[in-house]
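Chain by chain, the residues:
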Number of protein chains: 2
Amino acid sequence: MECGLLFSGGKDSSLAALLLDGFYDVTLVTAHFGFTGDWEYAGEAAEALGFAFDHVQMDEEVADEAVERMHEDGFPRAGIQAVHEAALETVAAEYDVVADGTRRDDRVPTISRAVAQSLEDRHGVDYVAPLSGFGRGAVDRLVATHLIVESGPSEEIPKGDYETELRERIRQRWGTEAVATVFPEHEQTRVVGRARSRAKRETSE
Amino acid sequence: MECGLLFSGGKDSSLAALLLDGFYDVTLVTAHFGFTGDWEYAGEAAEALGFAFDHVQMDEEVADEAVERMHEDGFPRAGIQAVHEAALETVAAEYDVVADGTRRDDRVPTISRAVAQSLEDRHGVDYVAPLSGFGRGAVDRLVATHLIVESGPSEEIPKGDYETELRERIRQRWGTEAVATVFPEHEQTRVVGRARSRAKRETSE
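All of the points below concern the structure found in this document.

Analysis parameters
Residues numbered from 1 in each chain as written. Chains lettered and ligands numbered in written order. Predicted model: local features only at pLDDT ≥ 70, side-chain atom pairs only at ≥ 80, totals over all residues. Heavy atoms only, no water. Contact = heavy atoms within 4.5 Å. Polar contact = N/O pair within 3.5 Å; in protein donor to acceptor, adjacent residues only side chain to side chain. Helix = DSSP H or I, 4+ residues; strand = E, 2+ residues; numbered from the N terminus. Salt bridge = Lys/Arg side-chain N within 4 Å of Asp/Glu carboxyl O. Buried < 20%, exposed > 50% of the residue type's maximum accessible area, 1.4 Å probe, protein only. Expected span 1.5 Å × (residues − 1). Least-squares fit on C-alpha atoms with pLDDT ≥ 70 in both. Pairing = 2+ DSSP bridges. Axes fitted to C-alpha atoms, helices over the stretch in contact; angles between N-to-C directions. Core = buried A, V, L, I, M, F, W, Y, C linked by side-chain atoms within 4.5 Å. Lys, Arg positive; Asp, Glu negative; His and termini not counted.

Things to note about the interface of chain A and chain B
Interface size, as often reported, equals the accessible area lost upon joining of the parts. Contacts between the two partners involve 33 residues from chain A and, on the opposite side, 33 residues from chain B. The interface formed by chain A and chain B holds 13 residue pairs in polar contact (both at pLDDT 80 or more) in total. If you list the elements that add at least two residues to the side of chain A that touches chain B, you get α1 (11–20), α5 (113–123), β5 (126–128), α6 (136–146) and α9 (196–204) of chain A. Counting residues per element, the side of chain A that touches chain B draws most heavily on α6 of chain A, which supplies five residues.

Structure representation (structure tokens):
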């Protein structure tokens, strides 16, 4: 079955891809708005991992509503959640199975059982979240043995997906200060390849 | 890392094993009470899947408390939940990573984020539930392509894990009628092998 996995180029969605490999025909799909060319970073990461890559463009209105909400709130949670759900809807229209890299401990985005069921029923798809049964520690340990990762602050490690564009949109409308207010600094990761242990596994099988 | 995956011989825990294969050194672990020899069915299923197998014995007190609760309630939910948590505790004492086959849509057993975190903190382990991001439809479709399964009523397809023993304990104490009252009939599955598509995947890798 054709599975479109929402992909940022970061460690979580990359590990999700490895977990689904062999169970579905996985395409890594980056959802964006077309404001910047940052989705190409995700394409490079997908290539480094050896997966097919696709990108889908969401409506500008989704971005505008999200950044207005984020600016009003002073934090990104509700805006990110809305954009993530819109991205899932977009991918669900094109694939048999839609997936993402949400973890057990994620506060946002988080897809409840009800939202998952609704997505599945309306689109006739399966929604799968292979990391939703893994906590932060388990994810970090699996990433360390299976992926080669670069990490750093968000300005230096731009995410391939919608987050970088939302930051840019906020900067355009309300200035650089507003970006720092809405998005407290946190470390981003970018995956640049599979670790040797993974390659060894494949060879030995 | 050594992962002990709670294993009944049924389709959910078997599919969970396939998902974790290659990410951990997976041992399929059947938790039981020693009232019957039914755990051996799980051992046969583990062998058919090509995984290492182990069985751990829980305290009789856990079974007694559970069946008293189930008999009082008239349904098995709280008793099964308590036994499942006790089984996770037992496995967590012996492995680096403890896993089970709970699905997104399971009503019981279900391991909340808080219970997972507590298990991890107290035992210094990771708890992973690889199917917790998969709904019933997705699980059924993956089972159909990756596993060979026998299914039927519980009397004909005994589960390898604690459930069969709990049924037997109830029968001994309150008679056959009580078993039927507490456990409304539902279909059980027993895994007898991997499907060809899975074998093909391994060969082609």
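Considerations on the pattern of salt bridges
Residues and elements named next belong to chain A. What the rule picks out here adds up to 32 salt bridges over all chains. A salt bridge links Arg-122 to Glu-89; the shortest N-O distance between them is 2.6 Å. Here Glu-89 lies in helix α4 (residues 77–92) and Arg-122 lies in helix α5, a separation of 33 residues in the sequence. Classification of Glu-89 as partly exposed rests on a relative accessible area of 28%. Among the charged side chains, a network of salt bridges with common partners joins Lys-11, Asp-12, Arg-103, Asp-106 and Asp-140.

Some words on helix α7 (residues 162–174) of chain A
All names here are of chain A. Across its 13 residues, α7 extends 18 Å between first and last C-alpha, which sits within 8% of the 18 Å expected from 1.5 Å per residue. The complete set of buried residues in α7 reads Tyr-162, Glu-163, Thr-164, Glu-165, Leu-166, Arg-167, Arg-169 and Ile-170. On its buried face, α7 is in contact with β2 (25–32), α3 (60–73), α4, α8 (176–182) and β7 (187–194). Looking at the residues trailing α7, positive phi occurs at Gly-175, about 95°.

Observations concerning unusual backbone geometry
Omega for the bond connecting Val-108 of chain A with Pro-109 of chain A falls within 30 degrees of zero, at -10°, which places this linkage in the cis form. Looking at where Pro-109 of chain A falls in the secondary structure, it is placed in the loop between β4 (97–99) and α5.

Some words on the relation of the copies chain A and chain B
Expressed as a screw operation, the relation of chain A to chain B combines 0.0 Å of axial shift with a rotation of 180°, fitting to an RMSD of 0.0 Å. The superposition operator between the copies reduces to a two-fold rotation axis. Mapped onto chain B, 100% of the interface residues of chain A again fall at the interface, so both copies present the same surface.

A few points about the sheet that holds β5 of chain A
All names here are of chain A. What the five strands build is an open sheet, ordered β3-β2-β1-β4-β5; its pairing is parallel. The sheet is open, and its two edges are formed by β3 (52–57) and β5, each paired on a single side. For this sheet, the mean inter-axis angle between neighbouring strands, taken without regard to orientation, is 30°. Where β2 lies against β3, six bridges are found, and the strand directions are parallel. When the bridges of β3 are listed, His-32 appears paired with Gln-57.

What about the nonpolar core?
In this structure, Tyr-24, Leu-28 and Phe-134 of chain A together with Tyr-24, Leu-28 and Phe-134 of chain B are the most contacted members of the largest nonpolar core, which totals 58 residues. Setting aside its immediate chain neighbours within four residues, Tyr-24 of chain A contacts Met-1, Cys-3, Val-97 and Val-128 of chain A together with Phe-134, Ala-138 and Leu-142 of chain B.

Here's the deal with the side chain of Thr-102 of chain A
Considering the arrangement of structural elements, one finds Thr-102 of chain A in the loop between β4 and α5. Among the polar contacts made by the side chain of Thr-102 of chain A, one reaches the side chain of Asp-100 of chain A at a distance of 3.0 Å.

A word on the sheet that holds strand β1 (residues 2–6) of chain B
All names here are of chain B. If you walk across this open sheet you meet the five strands as β3-β2-β1-β4-β5, and the pairing is parallel. In the strand order of this sheet, the two ends are held by β3 (52–57) and β5 (126–128), each with one partner. Each strand of the sheet is rotated relative to its neighbour by a mean of 30°, with strand direction disregarded. One ladder, built from five bridges, connects β1 with strand β2 (residues 25–32); its direction is parallel. Bridge pairing in β2 places Leu-5 opposite Leu-28. Together, β1, β2, β4 (97–99) and β5 form the strand contacts of helix α1 (residues 11–20), whose direction differs from that of β1 by roughly 160°.

Quick notes on the side chain of Glu-165 of chain B
All names here are of chain B. One can find Glu-165 in helix α7 (residues 162–174). Buried and unpaired, Glu-165 has Arg-169 as its nearest opposite-charge partner, separated by 8.7 Å. Dropping the residues within four chain positions of it, Glu-165 is found in contact with His-32, Phe-33, Gly-34, Phe-35 and Thr-36.

Describing the environment of Arg-171 of chain B
All names here are of chain B. Within the secondary structure, Arg-171 is located in helix α7. What makes Arg-171 partly exposed here is its relative accessible area of 38%. A sequence separation of 97 residues divides Arg-171 from Gly-74, and the C-alpha atoms of the two residues are 14 Å apart. Those residues in contact with Arg-171 that lie beyond four places of it in its chain are Thr-176 and Val-179.

Coordinates in, geometry out; function isn't part of it.
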